[in-house]
Amino acid sequence: MMIIMRSDASQQEISQVVERVEANGLQAHVSTGAERTVIGAIGDGRPVQRDLFTLLPGVDRVVPISRPYKLTSREFKAEDSIFPLNGVQVGGQGIVIIAGPCSVESRSQVLEVAHAVREAGAHALRGGVFKPRTSPYSFQGLGQEGLEYLAEARQQTGLPIVTEVMREEQIPLLTHYVDVLQVGARNMQNFALLHAVGESKHPTLLKRGLSATVEELLMAAEYILSHGNRRVMLCERGIRTFETSTRNTTDINAIPVLKSLTHLPVLLDPSHSTGNWNYVSAIGRAGIAAGADGLIVEVHPHPEQALSDGGQSLKPERFAELVRQTQAIAEAVGRFVYPAANHVKP
Ligand code: PEP
Ligand code: MN
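Residues numbered from 1 in each chain as written. Chains lettered and ligands numbered in written order. Predicted model: local features only at pLDDT ≥ 70, side-chain atom pairs only at ≥ 80, totals over all residues. Heavy atoms only, no water.

Draft legend 1. Local environment of the coordination of the manganese ion (ligand 2). At this site the manganese ion (ligand 2) is bound by Cys 102 (SG), His 272 (NE2), Glu 298 (OE) and Asp 309 (OD), with donor distances of 2.0 to 2.4 Å. Sequence positions of the donors to the manganese ion (ligand 2) reduce to the motif C-x169-H-x25-E-x10-D. Of this pair, His 272 sits in helix α9 (residues 270-274) while Glu 298 sits in strand β14 (residues 294-298), and the two are 26 residues apart along the sequence. Judged on exposure class, the residue His 272 and its partner Glu 298 are both buried. (Donors = N, O, S within 2.8 Å, 3.2 Å for Na, K, Ca; no water. Helix = DSSP H or I, 4+ residues; strand = E, 2+ residues; numbered from the N terminus. Buried < 20%, exposed > 50% of the residue type's maximum accessible area, 1.4 Å probe, protein only.)

In structure tokens, the structure reads:
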């Protein structure tokens, strides 16, 4: 349930409510809004007397949260969640573009692509060093060596780094090097990993599972939020359907649906959604038109030589064109794309 405090409630009254919540075996999650404070009292579903809280000083009202996800829901937090990422804001009116190779393959590859996407207007660099590959014989990523190259790219371009975490044990190493942890589609329901990512409190990009419903994605986000991490962005990356002409089917509906159900930022990955570079720009544009807060796009200077996902990677020139188109569409829907000049060197 949500305990909505009066707008003039004092800090002491808020603390008293938190104490009462915890004394009743519930977790208290305090959300301080511009107008008033809301305290989420989350238990394991066993009934709790509402009157335990309604009569406390400073309390305006107590309302149940009808959705199975609580902290993730718009009911709990009506305003969009916004968090800074090295000079830009994720969520809110501005659109953020993350770009880079599927995998970090070599020092020269990652530096070349980092400069190219920076030049084209990207706000963050992506690149996997631990790769979830369908075949154990496919390239699995460079591991720590790749992180060193990403760190150098960050240092040269000022771009923050997004990379995938596959196992809990990798979190200390990754949080040392990268700005955003990516939880991939295949790990969306790895609950132990979600728990650990929550405890890390590191900004996280959570991708929708290959066959996950919107509600399952939101429940996965709830694991991260309930373990203390509020800096979570969601990512639609295409789902499995009966259609075989593209790698996945972009669930464009999921964007406005998610935006209505949750306060978390919602990104679209047009690369994995389509699996074919020919369609990436069209679907990227569609995502922005549908209300996405950003894009994550695979870019490779030499896609034909890529060790993973070359067929869906844009060359830097095409990516630059997509950024320009994104700016035009953003403007048409009352948004804007952050200029590259907003970057600050870390
Ligand atoms: C990736 O971003 O390279 C990736 C493996 O994505 P997904 O988890 O969406 O398949
Ligand atoms: Mn990929």
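So that's the structure; there's more coming.
Draft legend 2. Representation of the domain arrangement of the chain in the model. Per the domain assignment, the segments of the chain are domain 1 (2-63) and domain 2 (83-337). With centres defined by C-alpha atoms, the gap from domain 1 to domain 2 works out at 36 Å. (Domains from an automatic or database assignment.)

Draft legend 3. Spatial organisation of the packing of helix α3 (residues 107-120) against helix α11 (residues 316-332). It is at 9 Å that the axes of α3 and α11 come closest, and there the two elements cross at 25°. With respect to α11, the element α3 is oriented roughly parallel. Crossing of α3 over α11 shows right-handed handedness. Here Ala 116, Val 117 and Ala 120 of α3 lie close against α11, whose contacting residues are Pro 316, Phe 319, Ala 320 and Val 323. Classifying every residue of the contact of α3 with α11 gives seven nonpolar, no polar and no charged. (Axes fitted to C-alpha atoms, helices over the stretch in contact; angles between N-to-C directions. Parallel < 35°, antiparallel > 145°, perpendicular 65-115°, else oblique. Left-handed = near helix turned anticlockwise from the far one by under 90°. Contact = heavy atoms within 4.5 Å. Nonpolar A, V, L, I, M, F, W, Y, C, P; charged D, E, K, R; others polar.)

Draft legend 4. Helix α7 (residues 214-226), seen in detail. With 13 residues, α7 extends 18 Å between its outermost C-alpha atoms, agreeing within 8% with the 18 Å of an ideal straight helix rising 1.5 Å per residue. Looking at α7, one finds that the buried residues are Val 214, Leu 217, Leu 218, Ala 220, Ala 221, Glu 222, Ile 224 and Leu 225. Looking at the buried side of α7, the elements it contacts are β2 (27-32), α6 (191-200), β11 (204-207), β12 (232-236) and α8 (254-261). Phi turns positive, to about 105°, at Gly 228, one or two residues after α7. (Expected span 1.5 Å × (residues − 1).)

Draft legend 5. Representation of the pattern of salt bridges in the model. Evaluation of the coordinates by the stated rule reveals 16 salt bridges. In this structure, the salt-bridge partner of Asp 60 is Arg 61, at a minimum N-O distance of 3.1 Å. The exposure class of Arg 61 is partly exposed, given its relative accessible area of 42%. Residues Arg 154 and Asp 179 are paired through a salt bridge, measuring 2.6 Å at the closest nitrogen-oxygen approach. Linking Arg 154 in helix α4 (residues 144-157) with Asp 179 in the loop between α5 (171-177) and β10 (180-183), this pair joins segments that are 25 residues apart in sequence. Connected through salt bridges with shared partners, the residues Arg 36, Asp 60 and Arg 61 form a single ionic network. (Salt bridge = Lys/Arg side-chain N within 4 Å of Asp/Glu carboxyl O.)

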